[in-house]
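Secondary and tertiary structure notes
In case you want the letters, here they are:
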Amino acid sequence: MKQPNILFLMTDQQRWDAQSHITSWVETPNMDLIASEGVSFTECVTTTPICIPARVTLATGLYPHNTHVWTNLQYTLPTTSNTWMKTLRDMGYRTSMFGKTHLHPHQGDLRDRVHLLNAWGIDDVNEIGGPRASASVMSHMTAMWEEKGLLQAYRDDYAERFRVKPHMVRPSVLPLEDYADVYVGQQAKKYLAEFDRDQPWMCWVTFGGPHEPWDAPEPYASMYAPEQMPLPVKRYESVADRPTGWLDAFMERRSPNFDPGDEAAMRANYAGNVTLIDHQIGEIIEIIKSRGEWDNTVVAFTSDHGEMNGDHGLIYKMNFLDGAVRVPLLFRTPETAQNGGVMNSHVVENCDLGPTVVDLAGGELDFSQHGVSLTDGFAGNRPTNRQDGISEFTNEVMYATEEWKCAFNRRGQLYLLFDRKSDPDESMNLAGSKEHQETEHFLRRATIERLASTQLTEPWY
């Protein structure tokens, strides 16, 4: 068989449960279609619960303790970096990207930095900044906004939101057809409709939503009733004296003051943005079908991290609780389409996407990295090379199995411990309890072994 085309779909800040084959509070028929013809990894953790390091790891397969990119900073992925996108291009794919990468600083004019994406393995590029960055950076999209007289209104709206209430909920000032996620979807759709090369394609469609602010445009802003949204998870309780870490400081300094109804309104608008993106995905899929290529197309879907949306009294990400650290991970192939609909509940990482896609294309990665192919888990069994998951942020480390999740502060002290089976809402932090000392010892050893096994013995770029 000829090499399959590859559609790589990515969102920004989408929780694992913001899919209707997982939950009932949002409708995502096209994500569900991908899952119904493939496999949904329901216990996927992001390797970092914040944008830049998560995207660096997704591209390179290297963790923050390898790259030293522990949080958002002014960082540019070296042009000599090994990436799975380069591997696909070397295999004969025409590679393209539409949307947000955040692999270099969001400043200035993104159109001046196409050469960076070319060096990372992407041939055809139409890059935008994220929702916040688009108020300041220039791109083909913001240039269009400026030409239409929309850019200043967008900037004013953003400034007011973060000046008045960071979790303000109201529709975007942009018309639906000019909203960033619609722009990304339509640009990818146009590119694929006009693709006329005698080679397989890999198209990376990377939406900026449902990242905050909560500004889904109409009619999506009114699609879901706030009173029908699930209640946020209550803040966990600690059962014993324990060390403290980043999350404790985050809760103390960054917990918003919610007015009555704020969380429900946020969740309803967020759901609207997810459905908007899902509809764009549906239009892209229809183009592929109209070209007669759906039967030879691999689809991979994930997000860089989640969104708390009021859980534990928090918004945004930047922590190791499930709302921030668990993300969707879907794969659909021509083979799985015959008997798909598999739900795999074993722990995996979103950096496994690249090696899996390359494997499905008939290749393998020939450079040192830590993602693994998950193809042997497509039937629902535990993938051979993935037994657990780690996530890292601000020099802290989270370690997760199907039974337990723990996190260590930058001094190496265990300060979070959750029983994932009996307490899926993470309501009780068991760290420091005498009853779980043996569990803590076991998890500490396992985490140290995992970190030791993923050190690099040579420069990575």
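Right, let's walk through the structure included here. Since the structure is predicted, the reported quantities are computational estimates derived from the model, not experimental observations.

Time to look at the side chain of N269. Among the secondary structure elements, N269 is positioned in helix α10 (residues 262-290). Once residues lying within four places of it in the same chain are set aside, the contact partners of N269 are V169, R170, W214, D215, A216 and A221.

Attention shifts here to unusual backbone geometry. Following G209, the chain continues into P210 via a peptide bond in cis, with omega recorded as 5 degrees. Among the structural elements, P210 can be located in strand β6 (residues 201-210). One non-glycine residue with positive phi stands out, namely H68, at about 65 degrees. With respect to the secondary-structure elements, H68 resides in the loop between α3 (64-67) and α4 (84-90). Take H68: its relative accessible area is 58%, and that puts it in the exposed class.

Once that is clear, we can look at the sheet that holds strand β1 (residues 5-12). As summarised here, the arrangement of the eight strands in space is β5-β4-β6-β1-β8-β9-β2-β10, forming an open sheet in which the pairing is mixed. Both outer strands of the open sheet, β5 (124-127) and β10 (342-344), are each paired with one neighbouring strand and no more. Between one strand and the next, the sheet's axes are offset by a mean angle of 10 degrees, whatever the strand orientation. As paired strands, strand β4 (residues 94-99) and β6 are joined by six bridges and run parallel to one another. Counterpart to G99 in the pairing with β6 is T206. Contacting β1, β6 and β8 (297-303), α10 crosses the sheet at an angle of about 160 degrees to β6. Of the strands in this sheet, β1, β8 and β9 (329-332) are in contact with helix α12 (residues 353-360), which crosses β8 at around 180 degrees.

This part covers the nonpolar core. L7, V205, L247 and I281 are the most contacted members of the largest nonpolar core, which totals 75 residues. No other element matches the 12 residues that α10 contributes to this core. Setting aside residues up to four positions removed in sequence, L247 forms contacts with Y236, L314, N319, L321, Y415 and L416. Listed in part, the 43 residues of the second largest apolar core include L58, W120, V357 and V358.

Next up on the list: empty space enclosed by the protein. Scanning the entire structure with this criterion turns up four cavities of 30 Å³ or more. The calculated volume of the largest cavity comes to roughly 90 Å³. Lining the largest cavity are 15 residues, and of these P131, Y154, Y179, A180 and D181 sit closest to its centre. Elements supplying a minimum of two residues to the lining of the largest cavity: α6 (140-148), α7 (151-164), α8 (180-194) and β6. Taken together, the residues that form the lining of the largest cavity break down as eight nonpolar, five polar and two charged. The calculated volume of the second largest cavity comes to roughly 50 Å³. Around the second largest cavity sit F8, R55, L58, A59, W84, M85, T101, L103 and W204, which together line it. Looking at the lining of the second largest cavity, the elements with two or more residues in it are α2 (51-60) and α4.

Okay, the sheet that holds strand β12 (residues 389-393) next. Ordered by their spatial adjacency, four strands build an open sheet running β12-β13-β14-β15, and the pairing between neighbours is antiparallel. Two strands in the sheet have a free side with no partner beyond their single neighbour: β12 and β15 (414-419). Ignoring strand direction, the axes of neighbouring strands in this sheet form an average angle of 15 degrees. Strands in contact with helix α9 (residues 246-254) are β12, β13 (396-400) and β15; relative to β15, the strand with the most contacts, it is inclined by about 90 degrees.

The subject of this paragraph is the packing of helix α1 (residues 29-36) against α10. Interaxial distance between α1 and α10 falls to 7 Å at its minimum, and their mutual angle equals 55 degrees. Classified by the interaxial angle, the pair formed by α1 and α10 is oblique. Counting all contacts with α1, which are made through P29, N30, M31, L33 and I34, the residues of α10 involved are V274, D278, H279, I281, G282, I285 and K289. The residue makeup of the contact of α1 with α10, split by class, is seven nonpolar, three polar and two charged.

Thresholds applied
- Residues numbered from 1 in each chain as written.
- Predicted model: local features only at pLDDT ≥ 70, side-chain atom pairs only at ≥ 80, totals over all residues.
- Heavy atoms only, no water.
- Helix = DSSP H or I, 4+ residues; strand = E, 2+ residues; numbered from the N terminus.
- Contact = heavy atoms within 4.5 Å.
- Buried < 20%, exposed > 50% of the residue type's maximum accessible area, 1.4 Å probe, protein only.
- Pairing = 2+ DSSP bridges.
- Axes fitted to C-alpha atoms, helices over the stretch in contact; angles between N-to-C directions.
- Core = buried A, V, L, I, M, F, W, Y, C linked by side-chain atoms within 4.5 Å.
- 1 Å grid on protein atoms, 1.4 Å probe; cavity = no way out; pocket = protein on both sides within 12 Å on 5 of 7 lines; lining within 4 Å.
- Points joined across faces, edges and corners; volume = space filled by probe spheres on them.
- Nonpolar A, V, L, I, M, F, W, Y, C, P; charged D, E, K, R; others polar.
- Parallel < 35°, antiparallel > 145°, perpendicular 65-115°, else oblique.

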